[in-house]
Amino acid sequence: MKSSQDEVHPLWDDFCRDLEPVSGSGELTALKDKYLSRSRGLVSLELRNLKALSPQNRSEAGRQLNALKARVQAALSKRQAEFKEREHRLQLETEQIDVTLPGYHFVQGGLHPLRQVWREMEEISVRMGFTVMSGPEVESDYYNFEALNIPTGHPARDDQDTLYLANKLLLRTHTSPVQIRTMEKQDPPLRIVVPGRVYRRDATDATHSPMFHQMEGLVVDEGITLADLKGTLEVFLKELFSADTRVRFRPSYFPFVEPGAEVDISCIFCAGEGCRVCKGSGWIEIMGAGMVHPRVFQMVGYDSEKYTGFAWGMGIDRIAQLKHQVDDLRLFFENDLRFLRQF
Ligand SMILES: [Zn+2]
């Protein structure tokens, strides 16, 4: 007679029938629950029923049930592994990468041509020993005019075409207020450049914009002379344009300097021969400069008997126009990518 130990429990056939159509992990979990759940699994219930049997039958039936449980568990694990394998294969198929396909090309951004020139001017200045400073674009009348020797009623105020805000504030018309703010905080010697946005009440056209960019420079120390001003600007302009650039000074007037000068460079397009850009003169006006007016020093508490200095200011946009031969200023502000991509 065959021992009951060798006989397969009748539940095994039921389980095999149930397992056959299972096609996913969810169904498999439900099946596992049906047979092995501790509280209501069919195998678990059978095990619980063992208590009712005689000790002799109990051990036989117990062995049989435990063997069934092990077979069910093994069969479930095997099917689970098959599902995993199938999933993995599917994933490999759907996520296949063809390494011979051409890559994606991303459009890379670049610095705006004005920012490029701004940075170049800053870098030259830093190499020459200057510190780059910045200051507020919303200014008081004092810093924009008064402290720069442009008192109320001064004709230079009309020239500036200022954009006024509420509470006696205004949009700075030049970067020069930063000179005052710096001198108030620091004693000489001083060597600073101030690049930044400035504002004027100008209508937009090929050469004007209500917002444009300036870079200002200031040097203060004992014994600074006009020769230092000329030498410094010559070095700067030769670096910025080319080594054979010639520089010329023409007497001019700005309230915050004495003496003051307009600075020209030899035309970079015709090397001084005379062309359309320089209107045949061979020279291009590039900036204003001069020796700091003693009254400006007095405003910030510097001893104007002991210290002298020079200052200059030039338009970053104008330099960019010259360097890149762009004859309409508006092109820099319209942000047409067809234009910007050329730089
Ligand atoms: Zn020329």
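Residues numbered from 1 in each chain as written. Predicted model: local features only at pLDDT ≥ 70, side-chain atom pairs only at ≥ 80, totals over all residues. Heavy atoms only, no water.

Within the sequence span of helix α1 (residues 11-19), burial applies to L11, W12, F15 and L19. All buried residues of α1 project into a common sector of 100° when viewed along the axis, lining one side. (Buried < 20%, exposed > 50% of the residue type's maximum accessible area, 1.4 Å probe, protein only. Helix = DSSP H or I, 4+ residues; strand = E, 2+ residues; numbered from the N terminus. Arc of directions from axis to C-beta.)

Okay, the coordination of the zinc ion next. Four donors placed tetrahedrally about a metal ideally form angles of 109.5 degrees, and six donors placed octahedrally ideally form angles of 90 or 180 degrees. The protein atoms donating to the zinc ion are C267 (SG), C270 (SG), C275 (SG) and C278 (SG), with metal-donor distances spanning 2.1 to 2.3 Å. Every donor counted, the four donor atoms about the zinc ion form angles of 105 to 116° at the centre, which fits tetrahedral coordination. Site description for the zinc ion: donor spacing in sequence, C-x2-C-x4-C-x2-C. Taking the relative accessible area as the measure of exposure, C278 reaches 4% and is therefore buried. (Donors = N, O, S within 2.8 Å, 3.2 Å for Na, K, Ca; no water. Tetrahedral: all angles 85-135°; square planar, octahedral: opposite > 155°, others 65-115°.)

We now examine unusual backbone geometry. For the bond from P188 to P189, the omega torsion is 0°, close enough to zero to count as cis. With an omega dihedral of -5°, the bond running from E258 to P259 counts as a cis peptide bond. In this structure, A271 takes a positive phi of about 55° despite not being glycine. Along the chain, A271 turns up in the loop between β8 (257-266) and β9 (283-292). Although it is not a glycine, Q325 sits at a positive phi angle of roughly 50°.

Our focus in this paragraph is the sheet that holds strand β4 (residues 169-171). Pairing is antiparallel across the open sheet formed by three strands, whose spatial order is β2-β4-β3. If you trace the sheet from one side to the other, it starts and ends with β2 (138-140) and β3 (163-164), each paired once. Pairing of β3 with β4 involves two bridges; the strand directions are antiparallel. Residue pairing for β4: L163 is matched across the bridge by L171. (Pairing = 2+ DSSP bridges.)

Our focus in this paragraph is the packing of helix α2 (residues 25-36) against helix α3 (residues 42-49). The contact between α2 and α3 brings their axes to 3 Å, and the two run at 10°. Taken together, the axes of α2 and α3 lie roughly parallel to each other. On the side of α2, the interface is formed by K34, Y35 and L36, while α3 contributes L42, V43 and S44. Class assignment of the residues belonging to the contact of α2 with α3 gives a composition of four nonpolar, one polar and one charged. (Axes fitted to C-alpha atoms, helices over the stretch in contact; angles between N-to-C directions. Parallel < 35°, antiparallel > 145°, perpendicular 65-115°, else oblique. Contact = heavy atoms within 4.5 Å. Nonpolar A, V, L, I, M, F, W, Y, C, P; charged D, E, K, R; others polar.)

Before going further, it helps to spend a moment on the sheet that holds β9. Either a parallel or an antiparallel arrangement is found when strands of a sheet pair, and the pairing is made through backbone hydrogen bonds. Strand order in the open sheet formed by seven strands is β1-β5-β6-β10-β9-β8-β7, and the pairing between neighbours is mixed. One side of each edge strand has no neighbouring strand; the edge strands of this open sheet are β1 (131-132) and β7 (247-252). With six bridges connecting them, β7 and β8 associate as antiparallel partners. Along β8, the bridge assignment pairs V247 with I265.

With that out of the way, let us pick up the layout of surface pockets. Its boundaries defined by the atoms lining it, the largest pocket holds a volume of some 1700 Å³. Where the lining of the largest pocket is concerned, the elements lending two or more residues are α7 (155-160), β6 (211-222), β8, β9, β10 (307-315) and α11 (316-324). Among the elements that take part in the lining of the largest pocket, β9 stands out by supplying eight residues, more than any other. Looking at side-chain class alone, the lining of the largest pocket contains 22 nonpolar, 16 polar and 12 charged residues. Its boundaries defined by the atoms lining it, the second largest pocket holds a volume of some 220 Å³. Around the second largest pocket, the lining residues are V107, Q108, G109, G110, L111, H112, P113, Q116, L337, L340, R341 and F343. For the lining of the second largest pocket, the secondary-structure elements that each account for two or more residues are α5 (113-127) and α13 (337-340). (1 Å grid on protein atoms, 1.4 Å probe; cavity = no way out; pocket = protein on both sides within 12 Å on 5 of 7 lines; lining within 4 Å. Points joined across faces, edges and corners; volume = space filled by probe spheres on them.)

Glancing now at the packing of α5 against α11. As a packed pair, α5 and α11 sit with axes 9 Å apart at the nearest point and diverge in direction by 105°. Here α5 is positioned roughly perpendicular relative to α11, judged by the angle of their axes. Of α11, the residues touching α5 (which contributes L114, V117, W118, E120 and M121) are I316, D317, I319, A320, K323 and H324. Partitioned by chemical class, the residues of the contact of α5 with α11 number seven nonpolar, one polar and three charged.

On average, residues of the protein carry a pLDDT of 91, and 98% of them reach 70 or more. Segment residues 1-5: pLDDT under 50, and six contacts once partners within four positions in sequence are set aside and those in other chains are kept. (pLDDT = per-residue confidence, 0-100.)

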